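Coordinate analysis (summary)
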Amino acid sequence: MSIAPTETGNKPVSKGQFISFEGLDGAGKTTQLALLQRWLEQQRISYVLTREPGGTPLGSELRHLLFGRSDLAISPLAEAFLFQADRAQHFADVIVPAIEAGKLVISDRCYDSSIAYQGAAQGVGIELVEQLSLIATAGRSPDLTILLDLAPSQVHVRTHDETRGEHSRFDAESLSFHQRLREAFLALAQNHPERIKVIDATQTPEQIHHQIIALIQALRA
Ligand code: TMP
């Protein structure tokens with residue numbers, strides 16, 4: 001499925017800001033992004049909603065390669081490069097131009113996912129993936145990253161209950177794989193407390209939504 005970046009609203013923010021959403025598959029990002037989108041429209045805030053991988057035409061092709069071709073062998077290192085190729089195009093064509101146009105840019109995942117999934121859980125190495133991310137983004141970082149944190153046992157329940165057309169490469173991975181992922185995300189949050197804010201994703205969608213709104217309002221104040 002290819003989703004073009006969604007752009008709407010007519011009240012420009014004074015300075016473009018960039019927010020990413022992170023978390024394990026099944027942590028509730030999709031629900032929260034839909035609630036946030038509705039709130040931004042009510043507030044008439046101009047925003048761009050996009051995602052990694054898949055926020056550009058090249059990204060859609062890469063997403064298909066990564067998630068739609070189970071017949072294709074892709075090594076963890078090759079996979080790491082494919083996500084970074086998606087990111088390089090995404091930053092150049094979508095994220096940086098939108099920030100420079102004064103928009104609020106919201107990305108469903110960014111390089112923290114590469115660090116957690118490829119760097120930590122897939123074993124490519126955190127430092128190597130951090131270096132690749134630095135190159136792909138030209139050093140640009142989200143102003144705020146919202147990490148929806150959930151125990152892997154809960155994530156498994158949610159992921160397998162979901163009826164969606166596309167499955168992550170990692171749905172079938174073991175509980176320990178998802179535990180490594182969660183630990184990597186939490187370690188990132190600990191190392192970047194000013195940027196990455198952790199939200200307990202076992203709360204109700206409404207409670208989580210209100211915490212997200214508060215973080216965004218604080219960022220824009
Ligand atoms: P999602 O779009 O449903 O969140 O799924 C994207 C999947 O890709 C998810 O399993 C996380 C994974 N992913 C990586 O492994 N590395 C990355 O750099 C990104 C952006 C996503």
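Keep in mind that this is a model prediction, so the values were computed, not measured.

With that settled, consider the packing of helix α3 (residues 76-100) against helix α4 (residues 111-121). Two elements in contact, α3 and α4, have axes separated by 11 Å at closest approach and are oriented at 175 degrees. It follows from the interaxial angle that α3 and α4 lie roughly antiparallel. Every residue of α4 that contacts α3 at Pro76, Glu79, Ala80, Phe83, Gln84 and Arg87 is listed here: Tyr111, Ser114 and Gln118. Of the residues assigned to the contact of α3 with α4, the class counts are four nonpolar, three polar and two charged.

This part takes up the pairing of strand β2 (residues 17-23). Along β2, seven of the seven residues are buried, which leaves the element largely enclosed by surrounding structure. Burial along β2 is two-sided: the residues Gln17, Ile19, Phe21 and Gly23 and Phe18, Ser20 and Glu22 are all buried. Note: β2 against strand β4 (residues 104-108), five bridges, orientation parallel. Bridging across to β4, Phe18 finds its partner in Val105.

With the rule as written, the count across this model stands at three aromatic pairs. With centroids separated by 5.7 Å and ring planes inclined at 75 degrees, the aromatic side chains of Phe18 and Phe91 adopt a geometry described as edge-to-face. Placement of Phe18 in strand β2 and of Phe91 in helix α3 is noted, with a sequence separation of 73 residues between them. Grouping residues by exposure puts Phe18 and Phe91 together as buried. Look at Phe67 and Phe83: their rings are 6.4 Å apart centre to centre, the planes differ by 50 degrees, and that puts the pair in the tilted class. With Phe67 in helix α2 (residues 57-67) and Phe83 in helix α3, this residue pair connects regions lying 16 residues apart in the sequence. Each member of the pair Phe67 and Phe83 is classed as buried.

Glancing now at the confidence of the model for the protein. On average, residues of the protein score 90 in pLDDT, and 88% of them are at 70 or above. Across residues 158-165, confidence stays below pLDDT 50; counting only partners more than four residues off in sequence or on other chains, it has eleven contacts.

With an omega dihedral of -10 degrees, the bond running from Glu52 to Pro53 counts as a cis peptide bond. Here Pro53 lies in the loop between β3 (47-51) and α2. The phi dihedral of Ala138 is positive, around 55 degrees, even though this residue is not glycine. Its location among the elements puts Ala138 in the loop between α5 (126-137) and β5 (144-149).

With twelve residues, α5 should cover 16 Å at 1.5 Å per step; its first-to-last C-alpha distance of 16 Å lies within 8% of that length. Turning to α5, its buried residues number three or more, namely Val129, Leu132, Ser133, Ala136 and Thr137. All buried residues of α5 lie within an arc of 120 degrees about the axis, which places them on one face of the element. Away from its buried face by more than 90 degrees, α5 exposes Glu127, Leu134 and Ile135.

Moving on, we get to the nonpolar core. Counting 51 residues, the largest nonpolar core has Leu36, Ile106 and Ile212 as its most contacted members. The biggest single contributor to this core is α3, with seven residues. Discounting chain neighbours no more than four positions away, the residues touching Ile212 are Phe21, Gln32, Leu36, Ile146, Leu148 and Ile199.

Together, Leu77, Phe81 and Leu128 line one region of the surface with nonpolar side chains, adding up to about 260 Å² of accessible area. Summarising the element assignment, Leu128 is placed in helix α5.

About the cut-offs
- Residues numbered from 1 in each chain as written.
- Predicted model: local features only at pLDDT ≥ 70, side-chain atom pairs only at ≥ 80, totals over all residues.
- Heavy atoms only, no water.
- Axes fitted to C-alpha atoms, helices over the stretch in contact; angles between N-to-C directions.
- Helix = DSSP H or I, 4+ residues; strand = E, 2+ residues; numbered from the N terminus.
- Parallel < 35°, antiparallel > 145°, perpendicular 65-115°, else oblique.
- Contact = heavy atoms within 4.5 Å.
- Nonpolar A, V, L, I, M, F, W, Y, C, P; charged D, E, K, R; others polar.
- Buried < 20%, exposed > 50% of the residue type's maximum accessible area, 1.4 Å probe, protein only.
- Pairing = 2+ DSSP bridges.
- Phe/Tyr/Trp six-rings, centres within 6.5 Å; stacked < 30°, edge-to-face > 60°.
- pLDDT = per-residue confidence, 0-100.
- Expected span 1.5 Å × (residues − 1).
- Arc of directions from axis to C-beta.
- Core = buried A, V, L, I, M, F, W, Y, C linked by side-chain atoms within 4.5 Å.
- Patch = residues over 30% accessible without salt bridge, like charges linked within 9 Å, V, L, I, M, F, W, Y side chains within 5 Å.
- Areas by Shrake-Rupley, 256 points an atom, 1.4 Å probe, with all protein chains shown as cover.
- Salt bridge = Lys/Arg side-chain N within 4 Å of Asp/Glu carboxyl O.

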